Amino acid sequence: MDHQAPHSGLPDSAAWRPEGCRRVALVLQGGGALGAYQAGVHEALVEAGIGLDWIAGVSIGAINGALIAGNPPGQRVAALRAFWERITRDRGWDPWPDSDLVRQWRHEASALATMMEGQPGFFTPNQPSPWFSLPGAKTATAFYNSEPLRETLRELVDFDRLNDGTIRFSVGAVNVATGNFAFFDSARMRITLDHIVASGALPPALPMVRIGTEYFWDGGLVSNTPLQHLLENLEGRNTLAFQVDLFSARGRVPRSMPGVMSREKDIRYSSRTRAVTDFYRRIRGLEMALRRALEQIPEAQLDATQRAEKQRLERLPEVVILQMIYQQQAFEGQAKDYEFSATAMRQHWASGLEDTRETLRRGQWLAMPPEGSGIQVHDVHEG
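Every value quoted in this text rests on a predicted model; they were computed, and no experiment measured them. (Residues numbered from 1 in each chain as written. Predicted model: local features only at pLDDT ≥ 70, side-chain atom pairs only at ≥ 80, totals over all residues. Heavy atoms only, no water.)

Caption draft 1: Examining the UniProt feature "short sequence motif: GXGXXG" (unreviewed entry) in the protein more closely. Following the UniProt record, one finds the feature "short sequence motif: GXGXXG" (unreviewed entry) at residues 30-35. Taken as a whole, residues 30-35 contains 0% helix and 0% strand, while its terminal C-alpha atoms sit 7 Å from one another. (UniProt positions renumbered as here; feature names shortened; annotations may be inferred. Helix = DSSP H or I, 4+ residues; strand = E, 2+ residues; numbered from the N terminus.)

Have a look at this one:
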C-alpha cells in the first residue's frame with residue numbers, strides 16, 4: 001500500500017481513508033464457525049490503519065461487528081480474539097497424522113461434538129429436548145439455549161460505545177410472524193444485546209428473540225448479506241466497502257452426497273452477493289443515462305420533480321467494493337459452519353488475515369474512482 005498507516009490505537013476519526021472517501025464500511029455475512037475469517041479480515045484492516053465508519057452484519061457478522069464497534073480501536077482485535085478463543089475448543093486431535101482423510105474425519109467429528117455438547121460461551125443443549133417439551137415451554141422451539149452467548153457479549157461489548165455514533169452499526173434479522181427482513185440501525189435506534197442475539201438466532205438450533213412485541217430469527221433466512229442495506233443508504237457519500245462473505249456462490253459441481261449438501265448450503269447462504277452488486281451497478285448505469293438525458297433539456301422546461309431528480313443524480317456517490325470470500329478447504333464439508341474446533345478457528349482467522357493483506361497490497365483498488373464511474377467491485381480471488 002502507498003500510504004503511511006497510523007497507529008491502530010488512534011480513534012477512527014484519525015485513521016486513514018482514501019482521498020475523497022467519506023465512508024469506509026465493513027459488511028459481514030453470516031456463517032457460524034467460519035466467522036473467524038472475518039476477525040482475520042479486521043485484524044488486517046487494523047494493521048493497515050484503516051478506520052471504519054459503518055459496520056453492517058448478519059448472524060455471526062453481527063456478533064463480530066458488535067465486538068468491533070463496542071470496543072475502542074486499540075482493543076478490538078483483542079476482543080475478537082477473546083471471543084473466538086472462548087467459543088472454540090482444542091479437541092486434542094492435532095497430533096494425529098496429517099492427511100486429507102484425517103482432516104476430514106476430524107472436521108466431521110468436531111462438528112458432531114458441537115451438536116452433542118454445544119459450545120462454551122455460545123450455546124448449550126436444551127434440557128429437555130424440544131421434542132419432549134410442551135408447546136409454549138421455554139425449551140419447545142430450539143435445540144440449544146443462547147444464554148451463554150448473552151453472557152459473553154455482556155462481558156466483551158460496551159453497548160454505550162457501540163451506540164455513541166463513532167461507528168454506525170446495523171444488524172439484520174427476520175420477523176418470525178411476518179417473514180419480513182428487518183434492519184436494526186444505530187443511526188435510527190439504540191442497538192441492544194437482544195438485537196445482536198436475534199440476528200444470530202438460526203432456527204431450529206437457537207431460540208427466537210423477542211424485541212418489543214415481536215419475535216425475530218437469524219437474518220440469514222432471508223438475506224445473509226447486509227450489502228443491500230448499505231447500497232440503499234449511501235446518503236451521497238463516496239464509499240469504500242469491505243464485503244466479507246463466508247459462503248461462495250461459485251463452486252464445483254458436486255460428485256457425492258456430502259458434496260451436494262455442502263454446495264447446497266453455499267448457494268443458499270451466499271445470498272448471491274455478486275447478483276446484488278450487479279443489480280445495483282445496472283441501476284447506477286440507468287441513473288447515469290437519465291442524468292445525461294436531463295442535462296440535454298433546458299432548465300426552464302423541467303418541472304419541479306425533474307429538477308429534484310436532476311439534482312439528486314448530480315450528487316451520486318462513487319462506490320468501491322472490495323470483496324473477500326472465504327475459500328473452503330478441500331476437507332471441509334457441509335458442517336463447516338458449525339465445526340468449532342480451535343484448529344479450524346485459527347485456520348479461518350489466518351485465511352482472512354492473508355486474503356485482506358493481499359487485497360490491500362493492490363493499493364490502486366483503494367482509490368476513489370473518477371466522478372461518474374459508478375460502482376466498482378474487486379475480488380483478489382479473481383485477479
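Still more ground to cover, so stick around.
Caption draft 2: Broad picture of unusual backbone geometry. Of note, the bond from Q127 into P128 is cis; its omega dihedral lies within 30 degrees of zero at 5°. Mapped onto the elements of the fold, P128 is located in the loop between β3 (124-125) and β4 (144-145). In the segment running from P203 into P204, the intervening peptide bond is cis, with an omega of -5°. Following the sequence through the fold, P204 ends up in the loop between α7 (193-199) and β7 (209-211). Positive phi values are uncommon outside glycine, yet E235 reaches one of about 55°. Considering the arrangement of structural elements, one finds E235 in the loop between α8 (227-231) and β9 (239-245). E235 sits in the partly exposed class, given a relative accessible area of 48%. (Buried < 20%, exposed > 50% of the residue type's maximum accessible area, 1.4 Å probe, protein only.)

Caption draft 3: Region of the structure containing the UniProt feature "active site" (unreviewed entry) in the protein. In the UniProt entry, the feature "active site" (unreviewed entry) is given for S59 and D218. Separation in sequence by 160 residues is not matched in space for these annotated residues, since their most distant C-alpha atoms are only 6.0 Å apart. Mapping S59 onto the fold places it in the loop between β2 (54-58) and α2 (60-69). Residue classification places S59 among the buried residues on the basis of a relative accessible area of 10%. Filtering out sequence-adjacent residues up to four positions away, S59 remains in contact with G30, S199, G200 and D218. When sequence neighbours within four positions are dropped, the list of residues in contact with D218 reads V58, S59, A173, V174, A198, S199, G200, A201 and L202. (Contact = heavy atoms within 4.5 Å.)

Caption draft 4: The arrangement of the packing of aromatic side chains in detail. The tally for this structure, following the rule as stated, stands at 12 aromatic pairs. With a centroid separation of 5.3 Å and an interplanar angle of 80°, the aromatic rings of F184 and F216 are classed as edge-to-face. One end of the pair, F184, is in strand β6 (residues 181-185); the other, F216, is in strand β8 (residues 214-218), with 32 residues separating them in the sequence. Here F184 matches F216 in class, with each residue buried. An aromatic cluster of three or more residues is present, and its members are F83, W84, F122, F123, Y144 and F340. A cation over an aromatic ring shows up here: R81 above the ring of W349, its NZ or CZ 3.7 Å from the ring centre. (Phe/Tyr/Trp six-rings, centres within 6.5 Å; stacked < 30°, edge-to-face > 60°. Lys NZ or Arg CZ within 6 Å of the ring centre and 35° of its normal.)

Caption draft 5: Focus on helix α9 (residues 257-270). Between its first and last C-alpha atoms α9 spans 20 Å; for 14 residues at 1.5 Å apiece the expected length is 20 Å, and the two agree. Looking only at α9, the buried set comprises S262, R263, K265, D266, Y269 and S270. Burial along α9 is one-sided: seen end-on, the buried residues are contained in an arc of 155°. Looking at the buried side of α9, the elements it contacts are α10 (273-295). S271 sits one or two residues past α9 and shows a positive phi near 55°. (Expected span 1.5 Å × (residues − 1). Arc of directions from axis to C-beta.)

Caption draft 6: The arrangement of the pairing of strand β1 (residues 23-28) in detail. Most of β1 is tucked away, with 6 of its 6 residues classed as buried. Of the strand pairs in this sheet, β1 and β9 are connected by 6 bridges, and their pairing is parallel. Considered in β9, the bridge of V24 is made with L240. Both β1 and β2 contribute to a ladder of 4 bridges, which runs parallel. The residue of β2 that forms the bridge with L26 is I55. Following the chain from β1 across helix α1 (residues 36-47) to the adjacent parallel β2, one finds a crossover that is right-handed. (Pairing = 2+ DSSP bridges. Right-handed = clockwise from strand over helix to strand, strands pointing away.)

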